[in-house]
Every structure is written in structure tokens, then in C-alpha cells.
Amino acid sequence: MHLNKEKLLFLLGFIEDYLNGLIDNVLNDSKNDLHYSAVTASNIIKCYIEINEQLGKKLPYDDMRSYFKFNAYTEDEYALFENSRINEAKYYIGNQY
């Protein structure tokens, strides 16, 4: 399979912008009536990091915790996100990376 690296990096740039909005939505979501998926956000972040690494693009983070830290989220926000992800993971249908 031939992939156009330039176009893939272009798309990844949009995903990066989307991710922080999704994280904010997860952090501010209702605890009783969830509308945003922490598992999906986690999957996207992990795939984003891995694909960039495979393309040879060095990122200033290499895992979930460092992604949150780099993007100016607090440790409390990271813990809240992880707690949401762990709780959701129990019933999430689909891949979890």
C-alpha cells in the first residue's frame, strides 16, 4: 500500500486540534448521562502518537500522561479523564488500544 505522507500528516494535524476539544468535552460531560467517550479519545490519542512515530515525526510526548501534560492539562484533569476511561471501558464495545 502506498500512502502519501504529506497528506497523512495534513490529516493528523486536524486530528490534533480535534483531540483537545474532545478531551474538554469528556472532562465536562455529565457523570450520569455521558455523551462523549473517554475510551474513544484515548484510542485516538494512542493511534495518533503511534502513527506519527511510524511516519518519523518526533512528538514532544509519547504516552497518554505526557500528552495531557504537554497540552497543559493538570494532573487532576488527567486523573479524572483516566477514571472516566476506566469506568467506560467496562461496557465499551469495540477496540481499546
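Conventions adopted
Residues numbered from 1 in each chain as written. Predicted model: local features only at pLDDT ≥ 70, side-chain atom pairs only at ≥ 80, totals over all residues. Heavy atoms only, no water. Patch = residues over 30% accessible without salt bridge, like charges linked within 9 Å, V, L, I, M, F, W, Y side chains within 5 Å. Areas by Shrake-Rupley, 256 points an atom, 1.4 Å probe, with all protein chains shown as cover. Salt bridge = Lys/Arg side-chain N within 4 Å of Asp/Glu carboxyl O. Helix = DSSP H or I, 4+ residues; strand = E, 2+ residues; numbered from the N terminus. Buried < 20%, exposed > 50% of the residue type's maximum accessible area, 1.4 Å probe, protein only. Lys, Arg positive; Asp, Glu negative; His and termini not counted. Charge placed at Lys NZ, Arg CZ, Asp CG, Glu CD. Contact = heavy atoms within 4.5 Å. Core = buried A, V, L, I, M, F, W, Y, C linked by side-chain atoms within 4.5 Å. Axes fitted to C-alpha atoms, helices over the stretch in contact; angles between N-to-C directions. Parallel < 35°, antiparallel > 145°, perpendicular 65-115°, else oblique. Left-handed = near helix turned anticlockwise from the far one by under 90°. Nonpolar A, V, L, I, M, F, W, Y, C, P; charged D, E, K, R; others polar. Phe/Tyr/Trp six-rings, centres within 6.5 Å; stacked < 30°, edge-to-face > 60°.

**Digging into a nonpolar patch on the surface**
- Among the surface-exposed residues, Phe-10, Leu-11 and Phe-14 lie close enough to one another that they form a single nonpolar patch of about 350 Å² accessible area.
- Inspection of the secondary structure assignment puts Phe-10 in helix H1 (residues 5-28).
- The exposure class of Phe-10 is exposed, given its relative accessible area of 54%.

**Thoughts on a negative patch on the surface**
- Together, Glu-50, Glu-53, Asp-62 and Asp-63 line one region of the surface with negative charge.
- Of the residues examined, Asp-63 reaches a relative accessible area of 36% and is grouped as partly exposed.

**Re the environment of Leu-55**
- Looking at the secondary structure, you find Leu-55 in the loop between helix H2 (38-54) and helix H3 (64-70).
- Sequence separation of Leu-55 and Ile-15 is 40 residues, and the distance between their C-alpha atoms is 15 Å.
- Those residues in contact with Leu-55 that lie beyond four places of it in its chain are Lys-5, Leu-8, Leu-9 and Leu-12.

**Looking at the side chain of Asn-52**
- With respect to the helices, strands and loops of the structure, Asn-52 is situated in helix H2.
- With residues near it in sequence (within four places) discarded, Asn-52 still touches Leu-9, Leu-12, Lys-57 and Leu-59.

**With respect to the nonpolar core**
- In terms of nonpolar packing, the biggest core is built from 20 residues, with Ile-23, Ile-45, Tyr-67, Phe-68 and Phe-81 touching the most fellow members.
- Of all the secondary structure elements, the ones that give two or more residues to this core are H1, H2, H3 and helix H4 (75-89).
- A total of six residues in this core trace back to one element, the largest contributor, which is H1.
- Among residues more than four places away in sequence, those in contact with Phe-81 are Ile-23, Val-26, Leu-27, Ala-38, Ala-41, Ser-42, Met-64 and Phe-68.

**Observations regarding the packing of H1 against H2**
- It is the contact of H1 with H2, at a shortest axis distance of 10 Å, that shows an interaxial angle of 150°. The angle between the axes of H1 and H2 places the two elements in the roughly antiparallel class. For the element pair H1 and H2, the recorded crossing hand is left-handed. Residue-level contacts link Leu-8, Leu-9, Leu-12, Ile-15, Glu-16, Tyr-18, Leu-19, Leu-22, Ile-23 and Val-26 of H1 to Ala-38, Ala-41, Ile-44, Ile-45, Tyr-48, Ile-51 and Asn-52 of H2.
- Residues of the contact of H1 with H2, tallied by class, amount to 15 nonpolar, one polar and one charged.

**Some remarks on the packing of aromatic side chains**
- Across all of its chains, the model carries seven aromatic pairs by this definition.
- Pairing Tyr-61 with Phe-70 gives two aromatic rings, centres 5.4 Å apart and planes at 50°, and the pair type is tilted.
- A relative accessible area of 3% means that Tyr-61 is categorised as buried.
- On the basis of relative accessibility, which here comes to 47%, the residue Phe-70 falls in the partly exposed class.
- Taken together, the ring pairs connect Tyr-61, Tyr-67, Phe-68, Phe-70, Tyr-73, Tyr-78 and Phe-81 into an aromatic cluster.

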